[in-house]
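# Residue-level structural notes
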Amino acid sequence: MNSGLRQEYLAALGLEVWTRRATPVSPLDDALRSGDALPSGDTAALREAGADWGELKARVAACTRCPLSATRTQTVFGVGNLHADWLIVGEAPGAEEDRRGEPFVGRAGQLLNSMLLAIGLPREQVYIANVLKCRPPGNRDPGPSEAAECLPYLEQQIALLKPKIMLAVGRIAAQNLLRTDKTLGTLRQQVHRFGLARVPLVVTYHPAYLLRTPADKRKAWEDLKFARDVCSRV
Ligand code: URA
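Presented here is a report on the structure given in the accompanying data block.

### Describing the site of the ligand
The local shell around the ligand consists of Gly-90, Glu-91, Ala-92, Glu-97, Pro-103, Phe-104, Asn-130 and His-206. In this structure, a nitrogen atom belonging to the ligand sits 3.0 Å away from a main-chain N or O atom of Ala-92. Measuring from an oxygen atom of the ligand, one finds a side-chain N or O atom of His-206 at 2.8 Å. In isolation the ligand offers 240 Å² of accessible surface; the protein chains occlude 91% of this area. In terms of residue class, the shell around the ligand is built from three nonpolar, three polar and two charged.

Okay, structure coming up:
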């Protein structure tokens, strides 16, 4: 991306232009070496492993594993490049996503697009999905059993996509993927690992939170650069 364009996207994020500082030793290399194994729902993912994208999407569309199936307009499977290096994972569809059947299409989605473009990634180049495929009524947090029922679908998407990196946006996505109740502040700026394939996973703020708290956009920008560096080393 040319520097003028990047400047424009950074301006959309409310940030100044970033210039690279020489760092003698990269803490990232250490982090990449030391990422702890993450016990996740691998068994469930393997159980689903026969499904290809089409079958999986059909299975999700017909899902009645939890009560959210009764209140959704439609399932929100995920969208993007099936050969993407980057998998972006959010929390759950909101009202607009439930209506349109695509993740991150509201205001938060527009900011997410700008955030990705700021590191040179057009939306079409990544894959975007959520922990939950159905909208929780009133945009409440996903319940633990809803997340547990739905995660195998995401795990199968990951098995099919084989991303080089996962970016968890927001506390709810991060906590569910990493099976932790640690705060987002504790989880960011580290390389976590997801699943049997030990996919590097980086955590950052949810764009909806950043719309409410623009002062933290700078930290999100640090996280995006961190994730880009991780990806370049995979
Ligand atoms: N927030 C999310 O976490 N996911 C969406 O798809 C939309 C808003």
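### Some thoughts on the sheet that holds strand S3 (residues 127-130)
Reading across from one edge, S1-S3-S2-S4-S6-S5 is the order of the six strands in this open sheet, with mixed pairing throughout. Of all the strands in the sheet, just strand S1 (79-80) and strand S5 (192-194) have a single pairing partner and so form its edges. Note: strand S4 (residues 165-169) against strand S6 (residues 199-204), four bridges, orientation parallel. Paired with Met-166 across the bridge in S6 is Leu-201. Running over the sheet, helix H8 (residues 144-161) touches strand S2 (86-90), S3, S4, S5 and S6 and is turned about 165° from S3. Its contacts with the sheet place helix H9 (residues 171-178) against S2, S4, S5 and S6, and it is angled at close to 130° to S4.

### Side note on the side chain of Lys-133
For Lys-133, the location among the structural elements is in the loop between S3 and H8. Despite its burial, Lys-133 remains without a salt bridge, the nearest opposite charge being carried by Glu-155 at 10 Å. Looking at Lys-133, its side chain comes within polar contact range of the main-chain oxygen of Asn-130, at 3.1 Å. Leave out the neighbours within four places in its chain, and Lys-133 touches Val-60, Gln-74, Thr-75, Val-76, Phe-77, Pro-93, Cys-150, Tyr-153, Leu-154 and Gln-157.

### Focus on the packing of aromatic side chains
Applying the stated criterion to the full structure yields three aromatic pairs. Ring centres of Trp-53 and Phe-77 lie 6.1 Å apart, and the angle between their planes is 85°; this geometry places the pair in the edge-to-face category. One end of the pair, Trp-53, is in helix H4 (residues 53-61); the other, Phe-77, is in the loop between helix H5 (68-71) and S1, with 24 residues separating them in the sequence. Judged by relative accessible area, Phe-77 falls into the buried class, the value being 6%. Look at Trp-53 and Tyr-127: their rings are 5.3 Å apart centre to centre, the planes differ by 40°, and that puts the pair in the tilted class. One end of the pair, Trp-53, is in helix H4; the other, Tyr-127, is in strand S3, and 74 residues separate them in sequence. Since its relative accessible area comes to 2%, Tyr-127 is described here as buried. Cluster of aromatic residues (ring-pair linked, three or more members): Trp-53, Phe-77 and Tyr-127.

Calculation notes
Residues numbered from 1 in each chain as written. Predicted model: local features only at pLDDT ≥ 70, side-chain atom pairs only at ≥ 80, totals over all residues. Heavy atoms only, no water. Near = heavy atom within 4 Å. Polar contact = N/O pair within 3.5 Å; in protein donor to acceptor, adjacent residues only side chain to side chain. Areas by Shrake-Rupley, 256 points an atom, 1.4 Å probe, with all protein chains shown as cover. Nonpolar A, V, L, I, M, F, W, Y, C, P; charged D, E, K, R; others polar. Pairing = 2+ DSSP bridges. Helix = DSSP H or I, 4+ residues; strand = E, 2+ residues; numbered from the N terminus. Contact = heavy atoms within 4.5 Å. Axes fitted to C-alpha atoms, helices over the stretch in contact; angles between N-to-C directions. Buried < 20%, exposed > 50% of the residue type's maximum accessible area, 1.4 Å probe, protein only. Lys, Arg positive; Asp, Glu negative; His and termini not counted. Salt bridge = Lys/Arg side-chain N within 4 Å of Asp/Glu carboxyl O. Phe/Tyr/Trp six-rings, centres within 6.5 Å; stacked < 30°, edge-to-face > 60°.

These figures capture arrangement, not role.
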